[in-house]
Amino acid sequence: MFDVAVLADYKQEFIDGFFVTLSASVLALGLSLAIGTFIAVLRLSGVRPLEILGTAYVEFFRNTPIVIQVFLFAIGLPTLGIRFSEFTSGVLGLSIYTGAFIAEALRAGIQSVPKGQMEAARSSGMSYVQAMRYVILPQAFKLVIPPLGNQFVNLVKNSSVLAIIAGGDLLYTADRVSSDTFEVALVYGFVALLYLVITLPLSLGVNWLERRLSKNH
Amino acid sequence: MDLQHTFAPATLRSLMEGLLVTLEVAASAIVLSFVFGIILGILRYTKLPVLSQLAVLYIEVMRNLPLLLIIFFGYFGLRDMGIELPVTMAAITGLTVFTSALIAEIVRSGLNSVEKGQIEAARAQGFTYSQTLWYIILPQGLKRMIPPLVSQFITLVKDTSLAVVISLEEIMHNAQIVYNKYVNATIPLLILVAFIYFTINYSLSRVSRYLEKRLAG
């Protein structure tokens, strides 16, 4: 029933798709870390209008499907004459979506550092920025690493939306190879394994970190 | 921007019909994945030999795969293997298979968060292990699971939009039909659909916050 030789015939396509998935995930991770940090800073700024802006961003993008966000870049903006490649549209959509979750993780991490820490740092003569840099952020960092790791796993999985806009990623490759060869179940099964090669070590690593960090508390 | 076709009565009616399908599929998948998730989570928590290892295997594989791939497999892959599911069934199955793995993890950590002293006390009173689980651990654990469960359900509502790839006639699909005809309605329609999702999911998260407060008091 399964013709495994097909997989060898399309070796190059699978390798290409694998690297598109990987590079889309890594690029979107960088971009969504930048967006997430910026939004988290807005939400913690103590300036009311900026806080509202940050909250609105987080709530809106967390509560709307990623498909819409990717479609806005891929098929929405072209109607205004602004055109990105499928890959870029995918990365931008992924980043805007994931940025909201990262902002939330960062905010929760920073806020879970006890208030007394900030007060103590300020009263020993540190400026706000110094207190953040040397006292608050190093402690928050530990709390934030596991949720950020989980977001990266989600990002790798979510990068499969590129397939819907013909972004050349792993799932798109599966779609193309399976309609070429009619070996649908085999090809999707194989591509599932390729996804697990990326996500499984990542999420096992996150679980391990979580256990280690909670022991030190 | 083509607002005329975006807000035309025919468009709005078709979006509402799509929304009903979205809600119907989401509700079915929520109920099913809640049931399977609790069973899997308890299996994993109780550390029964073989059964709990099978649960671990299922959970780790499913939560590390892209949902889109599972949906593709549940429709095209199974059809290739001779099992033909109607689109609605395929969507509900894919969403359930994926989400129950994530719910199992929530259930497990909720159960783990119940203090060991509670279990010892119940056992000392003469409760059997399953009585302890049913009357002591589950009720306390469930309370703590509410916020993460609700955010998982919100994710599920958003995720139904991925079933657009197998032409489930949900809200995204119906929006697509309109903007494929009137290209300039693409952006306003995507934004309108985003707001519809936002309204549903934001209300859900408000309800969860309210429940959390009530139960904590």
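Residues numbered from 1 in each chain as written. Chains lettered and ligands numbered in written order. Predicted model: local features only at pLDDT ≥ 70, side-chain atom pairs only at ≥ 80, totals over all residues. Heavy atoms only, no water.

Asker: Describe in detail the pattern of salt bridges, supporting the description with residues and values.
Answerer: Under the definition given, this model contains 9 salt bridges over all chains. Of the charged contacts, one joins A:Arg107 and A:Glu104 as a salt bridge, the two residues approaching to 2.8 Å between their closest N and O atoms. Of this pair, A:Arg107 and A:Glu104 both sit in helix α5 (residues 86–111), 3 residues apart, roughly one helical turn. Residue class for A:Arg107 comes out buried when judged on its relative accessible area of 18%. Of the charged contacts in the structure, one is a salt bridge between B:Glu60 and B:Arg44, with a shortest N-O distance of 3.8 Å. Note that B:Glu60 is positioned in helix α3 (residues 51–63) and B:Arg44 in helix α2 (residues 9–46), a separation of 16 residues in sequence. Judged by relative accessible area, B:Arg44 falls into the buried class, the value being 14%. Salt bridges sharing common partners tie together B:Arg44, B:Glu60, B:Arg63, B:Glu105 and B:Arg108. (Salt bridge = Lys/Arg side-chain N within 4 Å of Asp/Glu carboxyl O. Helix = DSSP H or I, 4+ residues; strand = E, 2+ residues; numbered from the N terminus. Buried < 20%, exposed > 50% of the residue type's maximum accessible area, 1.4 Å probe, protein only.)

Asker: Got a sec to walk through the confidence of the model for chain A? Specific residues and values, please.
Answerer: Predicted coordinates in regions of low pLDDT should not be interpreted in detail. Across chain A, pLDDT averages 93, with 98% of residues at or above 70. Least confident of the elements in chain A is helix α1 (residues 5–9) of chain A, whose mean pLDDT is 89; most confident is helix α4 (residues 66–76) of chain A, at 97. (pLDDT = per-residue confidence, 0-100.)

Asker: Kindly report on the packing of helix α6 (residues 116–124) of chain B against helix α7 (residues 129–159) of chain B, identifying the contributing residues and their values.
Answerer: The packing of two helices is summarised by the inter-axis angle and the distance between the axes. All names here are of chain B. The N-to-C vectors of α6 and α7 enclose an angle of 140 degrees; their axes lie 10 Å apart at closest approach. With respect to α7, the element α6 is oriented oblique. Here α6 and α7 pass one another in a crossing that is right-handed. Facing α6, whose interface residues are Gln-118, Ile-119, Ala-122 and Arg-123, α7 presents Tyr-129, Thr-132, Ile-136, Ile-137 and Gln-140. (Axes fitted to C-alpha atoms, helices over the stretch in contact; angles between N-to-C directions. Parallel < 35°, antiparallel > 145°, perpendicular 65-115°, else oblique. Left-handed = near helix turned anticlockwise from the far one by under 90°. Contact = heavy atoms within 4.5 Å.)

Asker: Could you give an account of the interface of chain A and chain B, naming the residues involved and the relevant values?
Answerer: Reports often express the size of an interface as the amount of accessible area lost when the parts come together. On the chain B side, the residues contacting the 40 residues of chain A number 37 residues. Buried surface at the junction of chain A and chain B, both sides included, amounts to about 3200 Å², of which 74% is carbon and sulfur. Residue B:Arg209 is joined to A:Glu59 by a salt bridge in which the shortest nitrogen-to-oxygen separation is 3.8 Å. Applying the counting criterion to the chain A and chain B interface returns 8 residue pairs in polar contact (both at pLDDT 80 or more). For the side of chain A that touches chain B, the leading source of residues is helix α9 (residues 184–215) of chain A, giving 13 residues. The residue inventory of the side of chain A that touches chain B, partitioned by class, reads 26 nonpolar, 9 polar and 5 charged. (Buried area = accessible area lost by both parts, 1.4 Å probe. Polar contact = N/O pair within 3.5 Å; in protein donor to acceptor, adjacent residues only side chain to side chain. Nonpolar A, V, L, I, M, F, W, Y, C, P; charged D, E, K, R; others polar.)

Asker: Which residues make up the environment of B:Ala175, and what values do they have?
Answerer: All names here are of chain B. Mapping Ala-175 onto the fold places it in helix α8 (residues 171–181). Once the C-alpha coordinates of Ala-175 and Lys-47 are considered, the two residues, 128 residues apart in sequence, prove to be 47 Å apart. Those residues in contact with Ala-175, other than ones at most four positions away along the chain, are Leu-15, Leu-189 and Val-193.

Asker: Pulling in residues and values, what's your account of the packing of aromatic side chains?
Answerer: Throughout the structure, instances matching the rule amount to 15 aromatic pairs over all chains. Look at A:Phe18 and A:Phe19: their rings are 5.9 Å apart centre to centre, the planes differ by 85 degrees, and that puts the pair in the edge-to-face class. Judged by its relative accessible area of 17%, A:Phe18 is buried. A ring pair is formed by B:Tyr75 and B:Phe76, whose centres lie 5.0 Å apart and whose planes are at 75 degrees; its orientation type is edge-to-face. When its relative accessible area of 22% is taken as the criterion, B:Phe76 is described as partly exposed. Within the aromatic cluster, the residues linked to one another by ring pairs are A:Tyr57, A:Phe60, A:Phe61, B:Phe195, B:Phe198 and B:Tyr202. Cation over ring: B:Arg79 sits above B:Tyr75, and NZ or CZ is 5.4 Å from the ring centre. (Phe/Tyr/Trp six-rings, centres within 6.5 Å; stacked < 30°, edge-to-face > 60°. Lys NZ or Arg CZ within 6 Å of the ring centre and 35° of its normal.)

Asker: Account for the side chain of B:Glu105, naming residues and giving values.
Answerer: Tracing the backbone through its elements, the reader meets B:Glu105 in helix α5 (residues 87–112). Apart from residues no more than four positions distant in its own chain, B:Glu105 is found in contact with B:Arg44, B:Ile59 and B:Arg63.

Asker: Give a detailed account of the UniProt feature "transmembrane region" (unreviewed entry) in chain A, specifying residues and quantitative values.
Answerer: All names here are of chain A. Following the UniProt record, the feature "transmembrane region" (unreviewed entry) maps to residues 20–45, 66–84 and 185–209 here. From the first C-alpha to the last, residues 20–45 spans 37 Å; its make-up is 92% helix and 0% strand. Taken end to end, residues 66–84 has its terminal C-alpha atoms 17 Å apart, with 58% of it in helix and 0% in strand. (UniProt positions renumbered as here; feature names shortened; annotations may be inferred.)

Asker: Outline a nonpolar patch on the surface, listing residues and values.
Answerer: A grouping of A:Leu80, A:Ile82, A:Phe84, B:Met1, B:Leu3, B:Phe7 and B:Leu12 is seen on the molecular surface, where their side chains present a nonpolar patch of about 660 Å² in accessible area. Residue placement: B:Met1 occurs in the segment before α1 (3–6). Residue B:Met1 is classed as exposed on the basis of its relative accessible area of 59%. (Patch = residues over 30% accessible without salt bridge, like charges linked within 9 Å, V, L, I, M, F, W, Y side chains within 5 Å. Areas by Shrake-Rupley, 256 points an atom, 1.4 Å probe, with all protein chains shown as cover.)

Asker: For unusual backbone geometry, give the residues involved together with the corresponding values.
Answerer: Positive phi, close to 60 degrees, is recorded for B:Val50, a residue that is not glycine. Topologically, B:Val50 is positioned in the loop between α2 and α3.

Asker: Describe the environment of B:Leu15, with residues and values.
Answerer: All names here are of chain B. Relative to the elements of secondary structure, Leu-15 occurs in helix α2. The exposure class assigned to Leu-15 is buried, which follows from its relative accessible area of 0%. Remark: the alpha-carbon pair of Leu-15 and Met-172, spanning 157 residues in sequence, is separated by 8.1 Å. Filtering out sequence-adjacent residues up to four positions away, Leu-15 remains in contact with Ile-171, Asn-174, Ala-175, Leu-189, Leu-192 and Val-193.

Asker: Give a detailed account of the nonpolar core, specifying residues and quantitative values.
Answerer: Soluble globular proteins tend to pack their nonpolar side chains together in the buried interior. Ranked by internal contacts, the top residues of the largest apolar core, which has 109 residues, are A:Phe14, A:Leu171, B:Leu111, B:Ile166, B:Met172 and B:Val193. With 12 residues, α5(B) is the largest single contributor of residues to this core. Aside from chain neighbours lying at most four places away, what touches B:Leu111 is B:Ile42, B:Tyr45, B:Ile137, B:Leu138 and B:Met145. Residues A:Val113, A:Met118, A:Ala121 and A:Val135 belong to the second largest nonpolar core, which totals 9 residues. (Core = buried A, V, L, I, M, F, W, Y, C linked by side-chain atoms within 4.5 Å.)

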